[in-house]
Amino acid sequence: MAISTLVKNMGKSEIVGEFFKHGHLLTDEALNIIEKSSAEEFLVRKLPFIVDSRDLRQPYKILMNLTYKKSEITREDFVKFYGSKYEKMKQIIISRVQKNFISLNKIDSTRSEVHVIGIVKEIRNNEKKTVELEDTTSTIPVIFEEIDDLELDDVVAIKAVAGGKVLFGKKIIYPDIPLRDPTIGTGKSCFVSDLCLDESSPKDIETFFEWFSQQDIQYLFVSGKIGDGKLFGTYVDRYCYMKTVFVIADGSEYPNVPQKYESNKIVSLSNPAMVELGGLKILMCQKADIKMLKKRYLGKSSVILDEDYLVLTEVPDIVHCGNSDQPYITNYKSVTLVNSGSLLGEFKPIIVDFATRDVEKISLPQ
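Residues numbered from 1 in each chain as written. Predicted model: local features only at pLDDT ≥ 70, side-chain atom pairs only at ≥ 80, totals over all residues. Heavy atoms only, no water.

What follows is about the overall build of the protein chain. Each helix and strand in the protein chain was counted, giving nine helices and 19 strands. Expressed as lengths along the three principal axes of its C-alpha atoms, the size of the protein chain is roughly 85 × 50 × 40 Å. For the protein chain, the residues scored as buried account for 49% of the 366 residues in total. Restricting the contact set of the protein chain to residue pairs at least 6 apart, pairs at least 24 apart contribute 65%. (Helix = DSSP H or I, 4+ residues; strand = E, 2+ residues; numbered from the N terminus. Buried < 20%, exposed > 50% of the residue type's maximum accessible area, 1.4 Å probe, protein only. Contact = heavy atoms within 4.5 Å.)

Laid out in structure tokens, this is it:
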């Protein structure tokens, strides 16, 4: 008889006995999960001697999480920090754009077509647009007709015509993310933003958490403004008994390290952070847009770190952000961007089915 059939027809004491025969002791929480599920997947796993509910949950991996910030900054730290952005972005561009890039100190006056990589140090809006481009070897002005979304400190590739002490820009090539088919995974997750517990109606908060507690969804992702952290932990403990809640830091600095919560059901992460779950990579940040994906950079850093943490070296499948009164769902090159709105405005929790990549806005009961 198959393990799953054996356990499905057993009572609690028999389930405990079956797992004991396999060398495991079950906590009450773990027993409750097994009793409601097919146990085959649990018994074939490598489990510890004492099995808690966390051991039975779908495993996740934290890919990006800032846990440390410097208290004192030296001149060398500044140089290293800003240099790290250029080097990281350069490697992204080289891996995606198959061209023979040359350094700026190799520019000649042959009027030949060249490809270069640099960081934008200045933009002058004259009759034509002049961009001061810098790499580790030199600085050179690049003259354009139009520069679209180009901004200071962007790291880009440029297709141009060499003109000695100047380049005539023909095309700006952003690091961007590749075209690809949507990644398919397993399971579902719920995404909410801007709970604003200091200002939101307790009735609205209770309505959401009561609804979520009844859903067959293991994971909740929370970004945007949380408000009262202690109150948030209370709601999680009360309503997310057998669930895991991922939450990112809420603060004035960016990027910011994780906040502390007492609840062991909360996985507290930095802002921004990335988690791999059910085969998909989920980027969480307070603010995000398509431009950030195109530029592979998550905004302006207000702190100096050992390296520039905001370079998007990993390509996410889902981007979850806050700071919007209106919920939205949009897509960019097989990346799904979601925001549930705010409890102070229009609020619609978003459910993503990882197996189909279907996305649904939920209207909560009144």
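After presenting the structure, the write-up continues.
Turning our eyes to something else, we now look at the pairing of strand β5 (residues 129-134). Every regular strand shows the same layout, with side chains that alternate between the two sheet faces. The pairing of strand β4 (residues 113-125) with β5 spans six bridges and is classified as antiparallel. Within β5, the position partnered with N125 by the bridge is K129. From the end of β4 to the start of β5, which pair antiparallel, there are three residues. Between β5 and strand β6 (residues 139-144), which pair antiparallel in sequence order, lie four residues. (Pairing = 2+ DSSP bridges.)

On the basis of which strands lie adjacent, the closed barrel formed by five strands has the order β4-β5-β6-β8-β7 and mixed pairing. Shown here is a sheet whose adjacent strand axes are inclined to one another by a mean of 55°, direction ignored. The pairing of β5 with β6 spans six bridges and is classified as antiparallel. Directly across from V131, in β6, lies its bridge partner V142. (Axes fitted to C-alpha atoms, helices over the stretch in contact; angles between N-to-C directions.)

This part is about the side chain of D308. Mapped onto the fold, D308 is located in the loop between α9 (290-295) and β15 (318-321). For D308, which is buried and forms no salt bridge, the nearest opposite charge comes from K85, at a distance of 5.2 Å. Of the polar contacts made by the side chain of D308, one reaches the side chain of Y297; its length is 2.7 Å. A polar atom in the side chain of D308 sits 3.0 Å from the backbone nitrogen of L310. With near-sequence residues (within four places) excluded, D308 lies in contact with F81, S84, K85, K88 and Y297. (Lys, Arg positive; Asp, Glu negative; His and termini not counted. Salt bridge = Lys/Arg side-chain N within 4 Å of Asp/Glu carboxyl O. Polar contact = N/O pair within 3.5 Å; in protein donor to acceptor, adjacent residues only side chain to side chain.)

Moving on, we come to the pattern of salt bridges. Taken as a whole and assessed by the stated rule, the structure comprises 18 salt bridges. Between D237 and K265 there is a salt bridge, with its nearest N and O atoms 4.0 Å apart. Here K265 lies in the loop between β11 (244-248) and β12 (266-269) and D237 lies in helix α8 (residues 229-239), a separation of 28 residues in the sequence. We classify D237 as partly exposed; its relative accessible area is 37%. Overall, the relative accessible area of 10% leaves K265 in the buried class. Of the charged contacts in the structure, one is a salt bridge between E314 and K281, with a shortest N-O distance of 2.7 Å.

Between helix α7 (residues 202-213) and α8, whose axes approach to 10 Å, the crossing angle comes to 35°. Taken as a pair, α7 and α8 cross one another with a handedness that is right-handed. On α8, the residues touching P202, I205, E206, F209, E210 and S213 of α7 are F232, Y235, V236, R238 and Y239. Taken together, the residues of the contact of α7 with α8 sort by class into seven nonpolar, one polar and three charged. (Left-handed = near helix turned anticlockwise from the far one by under 90°. Nonpolar A, V, L, I, M, F, W, Y, C, P; charged D, E, K, R; others polar.)

Once that is clear, we can look at helix α2 (residues 12-21). By the burial criterion, the buried members of α2 are I15, E18 and F19. All buried residues of α2 project into a common sector of 95° when viewed along the axis, lining one side. Facing away from the buried side of α2 by more than 90 degrees, the exposed set consists of S13, F20 and K21. Looking one or two places after α2, you find G23, whose phi comes out positive at around 90°. (Arc of directions from axis to C-beta.)

Going from Y254 to P255, the amide bond is cis rather than trans, its omega being -5°. Tracing the chain through its elements places P255 in the loop between β11 and β12. Across the junction of N271 and P272, the peptide omega takes the value 0°, indicating a cis bond. Despite not being glycine, D153 shows a phi value in the positive range, around 75°.

Together, F20, L25, F49 and I50 make up a nonpolar patch on the protein surface, roughly 420 Å² of accessible area in all. For I50, the location among the structural elements is in strand β2 (residues 50-51). On the basis of relative accessibility, which here comes to 51%, the residue I50 falls in the exposed class. (Patch = residues over 30% accessible without salt bridge, like charges linked within 9 Å, V, L, I, M, F, W, Y side chains within 5 Å. Areas by Shrake-Rupley, 256 points an atom, 1.4 Å probe, with all protein chains shown as cover.)

Hydrogen bonds along the backbone pair up the strands of a sheet, which may run parallel or antiparallel. Across the sheet, which stays open at both edges, the six strands sit in the order β12-β11-β10-β9-β18-β19 with mixed pairing between neighbours. Both edges of this open sheet fall to β12 and β19 (359-361), since each of them pairs with a single strand only. Taken pair by pair, the neighbouring strands of this sheet meet at an average axis angle of 20°, ignoring direction. When strand β18 (residues 350-353) meets β19, the two strands line up antiparallel, connected through three bridges. Bridge pairing in β19 links I351 to E360.

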